[in-house]
Amino acid sequence: MSQISELISRHCPRGVESHALGDIAQLVRGNGMPKSMLTTEGVGAIHYGQIYTRYPTWTMSTHSFVTTEAAAKLAKADPGDIIITNTSENIEDVGKAVAWLGEGQIVTGGHATVIKHGLDAKYLSYWFQSPSFFDQKTKLATGTKVMDVSAKQLAKVRIPVPPREVQREIVRILDQFTQLKAELE
């Protein structure tokens, strides 16, 4: 029996409960923030398009910034929050998520949603890469040329919520796997 199986049988003898994301998290839809607003200093910012191309599962720093004035009008992400894309040109990238694990508050704009939750941030961000999420988002996505999964639709996604100890063990294993994969590449 694996370490995770043992933890689940010890902490969840009746199985892992599943919850709608909207029942366990607050979803804050971003607004604005075209690329022209991005700067090289100021308040940390994650543009939705960068989530596909520049960020892994989690990050402790941003590649871009916005002015303090611009930041005041944008959606705020605190340490531990998830920023997820709502829009993409393909089904694979819509719903791509990054956990913000850096210090202090950052911002994001349109075509992204900030997920404020009580789970392990890495666990939730890794879960957004799972086949279960892919299947659910495929059913919720709208559009043909541009795919969209709104914050309202994301709230319907069902997520397994094991105890924190199990979440941490899943993260530990996936972090090791990610590190080994990076070393092989």
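Refer to the structure printed above.
Here is what the cut-offs are and how they apply
- Residues numbered from 1 in each chain as written.
- Predicted model: local features only at pLDDT ≥ 70, side-chain atom pairs only at ≥ 80, totals over all residues.
- Heavy atoms only, no water.
- Salt bridge = Lys/Arg side-chain N within 4 Å of Asp/Glu carboxyl O.
- Helix = DSSP H or I, 4+ residues; strand = E, 2+ residues; numbered from the N terminus.
- Buried < 20%, exposed > 50% of the residue type's maximum accessible area, 1.4 Å probe, protein only.
- Axes fitted to C-alpha atoms, helices over the stretch in contact; angles between N-to-C directions.
- Parallel < 35°, antiparallel > 145°, perpendicular 65-115°, else oblique.
- Contact = heavy atoms within 4.5 Å.
- Nonpolar A, V, L, I, M, F, W, Y, C, P; charged D, E, K, R; others polar.

Asker: How should I be thinking about the pattern of salt bridges in this particular structure?
Answerer: When the charged atoms of two side chains with opposite charge come close together, those side chains can pair. Taken as a whole and assessed by the stated rule, the structure comprises four salt bridges. Between Lys-122 and Asp-175 there is a salt bridge, with its nearest N and O atoms 2.8 Å apart. With Lys-122 in helix 5 (residues 121-127) and Asp-175 in helix 8 (residues 164-184), the pair connects residues that are 53 residues apart, well separated along the chain. Asp-175 gets classed as partly exposed once you look at its relative accessible area, which sits at 23%. A salt bridge links Arg-172 to Glu-169, with the shortest nitrogen-to-oxygen separation between them at 2.6 Å. Of this pair, Arg-172 and Glu-169 both sit in helix 8, three residues apart, roughly one helical turn. Judged by relative accessible area, Glu-169 falls into the buried class, the value being 11%. Each member of the salt-bridge network shares a partner with another, and the members are Asp-78, Asp-81 and Lys-116.

Asker: For this particular structure, what's the right way to read the packing of helix 1 (residues 3-11) against helix 8?
Answerer: Between two packed helices, what matters for the description is the angle formed by their axes and the separation of those axes. The contact between helix 1 and helix 8 brings their axes to 10 Å, and the two run at 170 degrees. In terms of axis orientation, helix 1 runs roughly antiparallel to helix 8. Between helix 1, through Gln-3, Ile-4, Leu-7, Ile-8, Arg-10 and His-11, and helix 8, the contact on the second element is made entirely by Glu-165, Val-166, Glu-169, Ile-170 and Ile-173. Class assignment of the residues belonging to the contact of helix 1 with helix 8 gives a composition of six nonpolar, two polar and three charged.

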